Amino acid sequence: MQNIQKAFAGIKALDNASLSIAGGEVHALIGQNGAGKSTLIKVLTGAYRRDGGSITFAGAAVDFASPLAAQRGGIATIYQEVNLVPLRSVAENIFLGREPKRFGLIQWPAMNAEAARLLTELGIELDVRRPLGSFSTAIQQMVALARAVSIQAQLVIMDEPTSSLNEREVETLFGVIRGLKQRGVSVIFVSHRLDELYAVCDRITVMRDGRTVFAGNMSDISRLQLVEQMLGREIKNVGAQTGFVRSETSKAARPLLSASSVVRGTRLSGASVEVGEGEVVGLAGLLGSGRSELARVIFGADQADGGEVRFAGQPIHFRSPSEAIKAGLGFCSEDRKGEGIVPELSVRENLTLALLPRLSKAGVVNTQQQAEVVERFIAQLGIKTSDPDQPIRELSGGNQQKVLLARWLAMNPKLLILDEPTRGIDVGAKAEIQRLIGELAQEGLGVLMISSELEELIEGCQHVTVLRDGKTVANLSGGSITEPQLLHAMAQGLEPEDAPKPPTQPPTQSVVA
Amino acid sequence: MLSTDRKAARANPGRTQLLSALSQYGVLATLILLIVFGALRYTGFMSEYNFSTFLRYNSMFGLISLGMCFVIITGGIDLSVGSVVAMSSVVAALLSPYGVVVAVLGAVAAGGLVGLINGLVITRLNIQPFITTLATLLGARGMALLLARNQSGVGIDPGNTALTWLGQGDFLRLPVPGVIMIIAFVIGGIALRSSPFGRHALAIGGGEDASKLMGLNVGRIKLGVYVLSGALAGLAGMILAAQLGAGQPTEGLGWELSAIAGVVVGGTLLTGGVGSVWSTLVGAMLLGLIFNILNFENGKGIISLSPYWQSVIRGGFLLLVVVLQSRLGRQEGKG
Amino acid sequence: QTMLPKLAQKASYKVGFAQTESNNPWRIAQTKSMQDEAKKLGHQLVYTDAAGSTAKQVADMRSMIAQKVDAIFLAPREDKPLAPVVAEARKAGIPVILLDRNIDPALSKAGTDYVTFVGSDFIKEGQRVADWLIKNAAGKTNIIELEGTTGASPANDRKKGFDDVIAKNSKFKIVASQSGNFARDTGRQVAETLLQAHPEANVIYAHNDEMAIGAVSAIQAAGKVPGKDILVLSIDGGKEAVQMVVDGKINYVVECNPRFGPKAFATLKDYAAGKKLPAKIINADRDYTPQSAKAGLASAY
Amino acid sequence: MRGSSGWQGLLADLKQVRASILILAALLIFNAFFTPYFLSVQTLNVNLTQVATIIIVAMGMTLVIATGGVDLSVGSLMAISGVLAPLIFLSPAFANLQWLGILLAFILPVLVAGAFGLLNGLFVTRLKLQPIVATLVLYIAGRGIAQVITNGQLQSFSTPAFTYIGLGRPFGIPFQVILMLIIVAVTYWVVKRTVFGRSVLAVGGNETAAGLSGIPVSKVKLWVYSISGLLSGIAGLIVIAINSSSDANQVGQNMELDAIAAVAVGGTLLSGGKAQVLGTLFGALIIQLIRFTLLAKGVPDAAALVVKAAIIVVAVALQQRRRRE
Ligand SMILES: Nc1ncnc2c1ncn2[C@@H]1O[C@H](COP(=O)(O)OP(=O)(O)OP(=O)(O)O)[C@@H](O)[C@H]1O
Ligand SMILES: Nc1ncnc2c1ncn2[C@@H]1O[C@H](COP(=O)(O)OP(=O)(O)OP(=O)(O)O)[C@@H](O)[C@H]1O
Ligand SMILES: [Mg+2]
Ligand SMILES: [Mg+2]
């Protein structure tokens, strides 16, 4: 891909972006949120029309008119937002558009069997006839992977496939990637997790503001250089891996929230957590351990079947989020697209969505005050937007996340529940958000943070509560919050030594035969 | 996506199946109950004559509901079918002097053409189906009246008895329109269950962007469902003309709403992505049966229902069935 | 050719009445007249409403046949489509009497397929209006015609009757002819627009009372005097319209009386008694002129 | 701040719907040249009085559509309110208290229509019916209810105090036009400046997100359907006042189609999350002017339908092109 140009509503998303990938190589594509990675990929696969530039694939100039054309041309893609059809069965999702047919009719048994076989190879056993939507996001990611692998492609593109996978699943994924490589298939791998890039990638392209700013061998660039390239500036302090400044002495905080033995359906069976004023408390657990569920119950988005929640000393029972908000809670969902942004509304409206009642008198919004709040937060969080009136859907994922954080910070809450606040966010933005969380806590805000990133929990939290199968299984504090401890608690039964190793030491076994 | 997760994940598979069966057969059960009720209460209700009358009339609603079902499955809607029925009936009548084949194909093609226009406007100009087909609802009605030169009926060529047979004749003691409808449903059922067209229509309704990114030719399939809906409405129009011996430019007012109601009563969600051809058949027949029962009830002379009361009752019945449907459907999502 | 089924002489019959629609005052009055008469005579009236759909009317007829009523009154929505089902009724032994609209004589015949037709002649009604206008125009010759529902047979017939007569008279000119849907509100809106676009117009001919009454409002809204600046002509002869003739707002109305009940049931009785009936029993419809309206007001429907 | 308040905000909003303004202008220019007697106050009066009810109903429809719903029952609710009013002021109970009868005839029918609107809202929020289906119920049953109340009979009256809302002309301007303008202005203001208006857009744009941000989603929906009902009720009263008669069979016939078309031509997407109040105003005017033009030019009814269909498609397509550019 040479000198690709692409603009949305006059704003350049890609400006002279270039990318070249050799046969059989794993190529990292990296850049800050909004750098243009997803856009570049969509231009390549024909999901977007480019405004300029040329694309050569397998020696010939190509111009895919649609993702279908790209797929036929030998490019399989896993897009950033898991893009499958939840209502259709797992098997159908894998074979959609390529179903085995006889006399024009779909051969169901053959299709189901083949789907099951493909998934088994990825280490997953499930009923492929069930709707995809009844499985977790992680499983859905793996189904997307199975689909991409089963398309006999010359190039497989993965746009942030790991953002909702746990470490073991990431390992499986790496195995698949290596298998592809052995067959001479090239892979484009987009991720914000540097460790992962170094673990599997051969070469790398760094993008910034729609431009390609670096391309070279993975081994030729150090982490520090890489981050500098992404941000376009030098970083002095890269000692810590996150933006948290850990407050060493955590004073005995006044209790703010305490949830004890919360029960809900089969998802929560005795989950407890406590957060004090000015504390950042982490909520750890494997996928599906019930972290999000607990957060939703506390926030009144779901109703508990049992247990007790106390807030500021009072037993409370919020019947709806609005009651929780009135009491001083805020909740940032993990599903940005589905539960966070209102895509058609502007940044301004999105940012003040929860605040509106307070910005108004007798139901009439004070636009002056609204404008002030918005401007302040755009500046404070460094939200990249051309205009507060720009629809939020036009922002990159990371910037959308910042707007959502601002939505809650503007409320000046007593307790903020953040569900995966830094998922899919580039290192720069991530560090900023983490620093911000720390600062807010110091000012007295209580934070309950769900995170799948161990560093974040270790460096950012005064306490970490670990859930497993909907139950609280451990409470770690201060110095005892270490990686082995956490892993041990999350996966109880495993000795810390048996816990999955950091991905920097590649496992030998390959999943794909 | 996560919200769907959350709902579905709590379900227990065995129970889910039971409930989904219930919601599918709930409407069928209602239909059967109504038939039993009618049989016990009214003389002449279970006669072959009444059965055949019922099928002959309701076959047209069955056909447009079938097309509507496919459209709704993709998350769209087709408000033009009522007008298309009228227009195609006129086309069939006008073409009747040229033989039955020409008349039938002409009517179906005329309907398909409106469907093609719908599909092209929706996929190429990106105008929402509701608005597009609202416009063709007006346009096709206008064309019907223009073709009929404002006459209320355009007579079929009396020599074309084959065409008349398609509307008024019997085949194996079954009314021909009913047979045509059943054949259409069998093909439709297979198409939805096992043809790529049907599966892709379902996939598009479940996630259009995702389907596009997975390489489906979304535009062509959407075009396909609107052409199908138009063509089936054209077929219904041919039956209408054949049955009445004349093209009917003013017929079909509000039929689109009956079709939508039939599909919805059958348990298909207007949001797309799920749907069943068989439930649609049952739903359409159930709504037709209400008319039939109300006619018989009036004949008892115990209470004389004015047509006004009949619309109130029909509205209430629609509410009842749809609520039942959604209750059962929702149970499915709980654990 | 089979003969018409006989009807036994009974004190009380179960008779069907297949109405075409009930969304306008004329039809409502017709239905009411039928119901009142049935009640008076002690018959059971099985009433269906086709809601403006010929296909449904056919199905309605069939459900009456399935219920084995003694006889059927049918107000056919159209002339061709009802013929087969009339034949079916005969085969089922149920005599049919047609009300207010006829059936294509090529397809079905009075005395063999159905008993007789009771009603008015829509073409004639249009002609009568035109004849009156030609005699009483007093120099008013630019006509706006408010048509009934596009495609409806009374609309077509009333238009044909009127237009044919007018066409033979070169002094008169129909400057605009548009559908007002047989409804007062639409009639008013269309009249408003047409009066605005054709200020030269000085006659409005409406296919029914409802639209004529709407036109009167439109004329007033345009700052003119209905009945004087602009002549208003109509068909139906409901009380409200006749009152307007008395008030001078409408100039001429041809009656099309919907009170079918007495005549319909009398015909039924005659048929059962074995009397010989003519093929058509045409209602003796009056007309209302400024001179005759006052006298007729009390008996207008 | 840019484009958020005051005149600048108004300008920005007009810019958003400039396609519909251009189409309207084109229609006006065409008529000015080719339709005799077009440029007159009377033309303005005729068109504005005829379109007033459509616009009033379309305002409610705009809000409903903004939440991602649709209201098919508006015409039937107009009929219900239209049928009730004469029953009240003609009732012998108010023979000696005519002013009270008339006052109640203005208030009660509108409230009843609003209550039916609320019922629509309950179908949508409590029974979780999809809006098309939920409002289809009252579309079918509502007119039946109106007809049952009067047994289909037309009610005629001449009660100047009541018909004022349809025939009155304060300062020479038709009363219903003034009422319409007030309703448009209030709707515009509500959408732009109130928490309720912003909540409507948020609910339509992403219901889950709105709920998690503390917006009372169900309450917002109940309100929009109720408002749609109330406005339909007002429109019903105007229609019967103009005609000095109430006909349950006819009042509000096809109103849902006109109102939805006005909203769409005005540039509001039916998928929700947007409300172009001014666009709806222009959309309704466009549809009205097309009708006027076709009638005035003597285009027969049948051909007019085809032309109208084409123009709706073209207008909506132009609107969307602008949005995408
Ligand atoms: N459909 C769209 N309409 C308008 N602007 C868009 C659209 N898609 C992307 N953009 C803009 O293009 C730029 C690049 O976005 P893109 O999604 O490619 O970034 P990214 O590098 O993938 O970021 P992330 O890591 O957050 O996923 C952003 O500024 C974004 O606002
Ligand atoms: N075993 C499972 N079967 C089906 N669905 C599951 C399973 N485990 C998790 N899920 C789905 O994953 C989602 C996340 O689960 P939950 O919110 O309870 O836990 P979590 O720890 O927050 O997980 P996550 O990290 O994915 O947010 C739920 O919506 C649930 O539907
Ligand atoms: Mg991206
Ligand atoms: Mg979670």
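Conventions and cut-offs
- Residues numbered from 1 in each chain as written.
- Chains lettered and ligands numbered in written order.
- Predicted model: local features only at pLDDT ≥ 70, side-chain atom pairs only at ≥ 80, totals over all residues.
- Heavy atoms only, no water.
- Helix = DSSP H or I, 4+ residues; strand = E, 2+ residues; numbered from the N terminus.
- Buried < 20%, exposed > 50% of the residue type's maximum accessible area, 1.4 Å probe, protein only.
- Contact = heavy atoms within 4.5 Å.
- Areas by Shrake-Rupley, 256 points an atom, 1.4 Å probe, with all protein chains shown as cover.
- Core = buried A, V, L, I, M, F, W, Y, C linked by side-chain atoms within 4.5 Å.
- Buried area = accessible area lost by both parts, 1.4 Å probe.
- Salt bridge = Lys/Arg side-chain N within 4 Å of Asp/Glu carboxyl O.
- Polar contact = N/O pair within 3.5 Å; in protein donor to acceptor, adjacent residues only side chain to side chain.
- Nonpolar A, V, L, I, M, F, W, Y, C, P; charged D, E, K, R; others polar.
- Donors = N, O, S within 2.8 Å, 3.2 Å for Na, K, Ca; no water.
- Near = heavy atom within 4 Å.
- Expected span 1.5 Å × (residues − 1).
- UniProt positions renumbered as here; feature names shortened; annotations may be inferred.
- Domains from an automatic or database assignment.
- Pairing = 2+ DSSP bridges.
- Axes fitted to C-alpha atoms, helices over the stretch in contact; angles between N-to-C directions.
- Parallel < 35°, antiparallel > 145°, perpendicular 65-115°, else oblique.
- Left-handed = near helix turned anticlockwise from the far one by under 90°.

Caption draft 1: Highlighting the overall build of chain B. Helix and strand counts for chain B stand at 14 helices and four strands. The buried share of chain B, reckoned over its 335 residues, is 64%. Contacts in chain B between residues far apart in sequence, at least 24 positions, make up 79% of those at least 6 positions apart. Counting every atom, chain B has about 11900 Å² of accessible surface; 69% of that belongs to carbon and sulfur.

Caption draft 2: Representation of the nonpolar core in the model. Judged by nonpolar contacts, the single largest core of 305 residues is most densely connected at Met 158 and Phe 189 of chain A, Met 238 of chain B together with Leu 74 of chain C. Excluding residues within four positions of it along the chain, Met 238 of chain B makes contact with Ala 92, Val 104, Ala 107, Leu 163 and Leu 166 of chain B. By size, the runner-up hydrophobic cluster in this structure holds 78 residues, among which are Leu 256, Leu 457, Val 466 and Ala 489 of chain A.

Caption draft 3: Spotlight on the interface of chain A and chain B. At the junction of the two partners, chain A supplies 38 residues and chain B supplies 32 residues. Regarding the contact of chain A and chain B, the summed buried area is about 2900 Å², with carbon and sulfur atoms giving 60% of it. One can count one salt bridge joining chain A with chain B. Inspection of the region where chain A meets chain B yields eight residue pairs in polar contact (both at pLDDT 80 or more). Looking at the side of chain A that touches chain B residue by residue, the class counts come to 14 nonpolar, 11 polar and 13 charged.

Caption draft 4: Summary view of the coordination of the magnesium ion (ligand 4). All names here are of chain A. Protein ligation of the magnesium ion (ligand 4) involves Ser 292 (OG), Glu 334 (OE) and Glu 334 (OE), the donor distances falling in the range 1.7 to 2.8 Å. Placement of Ser 292 in helix α9 (residues 291-299) and of Glu 334 in the loop between β19 (329-332) and α11 (336-340) is noted, with a sequence separation of 42 residues between them. Considered together, Ser 292 and Glu 334 belong to a single accessibility category, that of buried residues.

Caption draft 5: Structural view of the site of ligand 1. Residues and elements named next belong to chain A. Residues in contact with ligand 1 amount to 19 residues; listed here are only the nearest, Asn 33, Lys 37, Ser 38, Thr 39 and Glu 394. Taking Ser 38, its side chain carries an N or O atom lying 2.7 Å from an oxygen atom of ligand 1. Surface burial for ligand 1 is 82%, taken as the share of its 640 Å² of free accessible area covered by protein chains. Mapped by element, the contributors of at least two residues to the shell around ligand 1 are α1 (37-44) and α14 (397-409). For the shell around ligand 1, the leading source of residues is α1, giving three residues. Here the shell around ligand 1 is composed, by residue class, of five nonpolar, 11 polar and three charged.

Caption draft 6: Summary view of helix α2 (residues 54-66) of chain C. Residue and element names in this part refer to chain C. For α2, with 13 residues, the first-to-last C-alpha span of 18 Å sits near the 18 Å given by 1.5 Å per residue. Taking burial as the measure, the 13 residues of α2 include 13 buried ones, the bulk of the element. With its phi angle positive at about 55 degrees, Lys 68 sits one or two positions after the end of α2.

Caption draft 7: Layout of the UniProt feature "transmembrane region" (unreviewed entry) in chain B. Under the local residue numbering, the UniProt record ascribes the feature "transmembrane region" (unreviewed entry) to residues 22-40, 61-86, 98-122, 129-148, 174-192, 223-246 and 277-296 of chain B. What you have in residues 174-192 of chain B is 89% helix and 11% strand, and the ends, taken at the C-alpha atoms, are 26 Å apart.

Caption draft 8: Here's a closer look at the domain arrangement of chain A. Residue and element names in this part refer to chain A. By the assigned domains, chain A splits into domain 1 (4-231), domain 2 (239-328 + 413-495) and domain 3 (349-411). Just the C-alpha atoms count here: the centres of domain 2 and domain 3 sit 25 Å apart. Counting residues at the interface gives 13 residues for domain 2, matched by nine residues for domain 3. Across the interface of domain 2 and domain 3, roughly 1000 Å² is buried in total on both sides, 78% from carbon and sulfur atoms. It is Ile 325, Pro 413 and Leu 436 in domain 2 that bury the most area against domain 3; as a group they hold 39% of the surface buried on that side. In this structure, the connection of domain 2 to domain 3 is made through one salt bridge. Note that Lys 402 and Glu 432 form a salt bridge whose closest N and O atoms lie 3.8 Å from each other. Secondary structure elements with two or more residues in the side of domain 2 that touches domain 3: β22 (415-419) and α15 (427-442). In terms of residue count, α15 provides more of the side of domain 2 that touches domain 3 than any other element does, five residues in total. In terms of residue class, the side of domain 2 that touches domain 3 is made up of 11 nonpolar, no polar and two charged.

Caption draft 9: Inspection of the interface of chain D and chain B at higher detail. With 41 residues of chain D in contact, the opposing surface of chain B contributes 38 residues. Counting each side, the surface lost to burial between chain D and chain B is near 3400 Å², with a carbon and sulfur contribution of 80%. Linking chain D with chain B are zero salt bridges. At the junction of chain D and chain B, the tally comes to three residue pairs in polar contact (both at pLDDT 80 or more). Those elements that provide at least two residues to the side of chain D that touches chain B are α6 (131-150), α12 (255-265) and α14 (301-324) of chain D. Looking at side-chain class alone, the side of chain D that touches chain B contains 29 nonpolar, eight polar and four charged residues.

Caption draft 10: Representation of the environment of Ala 215 of chain A within the structure. Relative to the elements of secondary structure, Ala 215 of chain A occurs in strand β13 (residues 211-217). Along the sequence, Ala 215 of chain A and Ala 91 of chain A sit 124 residues apart, while their C-alpha atoms lie 38 Å from each other.

Caption draft 11: Spotlight on the sheet that holds strand β18 (residues 314-316) of chain A. Residues and elements named next belong to chain A. Pairing is antiparallel across the open sheet formed by four strands, whose spatial order is β15-β14-β17-β18. Among the strands making up the open sheet, the edge pair consists of β15 (268-276) and β18. Neighbour-to-neighbour, the strand axes of this sheet turn through a mean angle of 20 degrees, independent of strand direction. Examined bridge by bridge, strand β14 (residues 255-264) and β15 share seven bridges and lie antiparallel to one another. Bridge pairing in β15 places Val 263 opposite Ser 269.

Caption draft 12: A look at the pairing of strand β25 (residues 471-477) of chain A. All names here are of chain A. Pairing of strand β24 (residues 463-468) with β25, which is carried by six bridges, proceeds in the antiparallel orientation. Across the sheet, the residue bridging to Arg 468 is Lys 471, located in β25. Taken together, β24 and the strand that follows it, β25, pair antiparallel across an intervening segment of two residues, in which Asp 469 is found at a positive phi of about 50 degrees.

Caption draft 13: The packing of helix α3 (residues 41-66) of chain D against helix α8 (residues 175-193) of chain D, seen in detail. Residue and element names in this part refer to chain D. At a minimum axis distance of 9 Å, the contact between α3 and α8 shows a crossing angle of 20 degrees. Judged by the inter-axis angle, α3 sits roughly parallel to α8. Where α3 crosses over α8, the handedness of that crossing is left-handed. Listed contacts from α8 to Leu 48, Thr 49, Ala 52, Ile 55, Ile 56, Met 59 and Leu 63 of α3 are Gln 176, Val 177, Met 180, Ile 183, Val 184, Thr 187 and Val 191. Considering only residue class, the contact of α3 with α8 consists of 11 nonpolar, three polar and no charged.

Caption draft 14: How the structure looks around helix α7 (residues 209-221) of chain C. Over its 13 residues, α7 of chain C extends 18 Å from the first C-alpha to the last, a length consistent with the 18 Å expected when each residue adds 1.5 Å. Phi turns positive, to about 80 degrees, at Gly 223 of chain C, one or two residues after α7 of chain C.

Caption draft 15: Up close: the sheet that holds strand β3 (residues 26-31) of chain A. All names here are of chain A. The strand order across the open sheet formed by six strands is β7-β10-β11-β3-β12-β13, and the pairing between neighbours is mixed. For this open sheet the edge positions go to β7 (75-78) and β13, each flanked by a neighbour on one side alone. Taken over all neighbouring pairs, the strand axes of this sheet differ in orientation by 15 degrees on average, direction set aside. Note: β7 against strand β10 (residues 155-159), four bridges, orientation parallel. By the bridge assignment, Ala 76 is partnered in β10 with Val 156. Helix α5 (residues 137-150) rests against β7 and β10 of the sheet, and its axis sits at about 180 degrees to β7. Docked against the sheet, helix α8 (residues 223-231) engages β3, β12 (203-208) and β13, running at close to 30 degrees with respect to β12.

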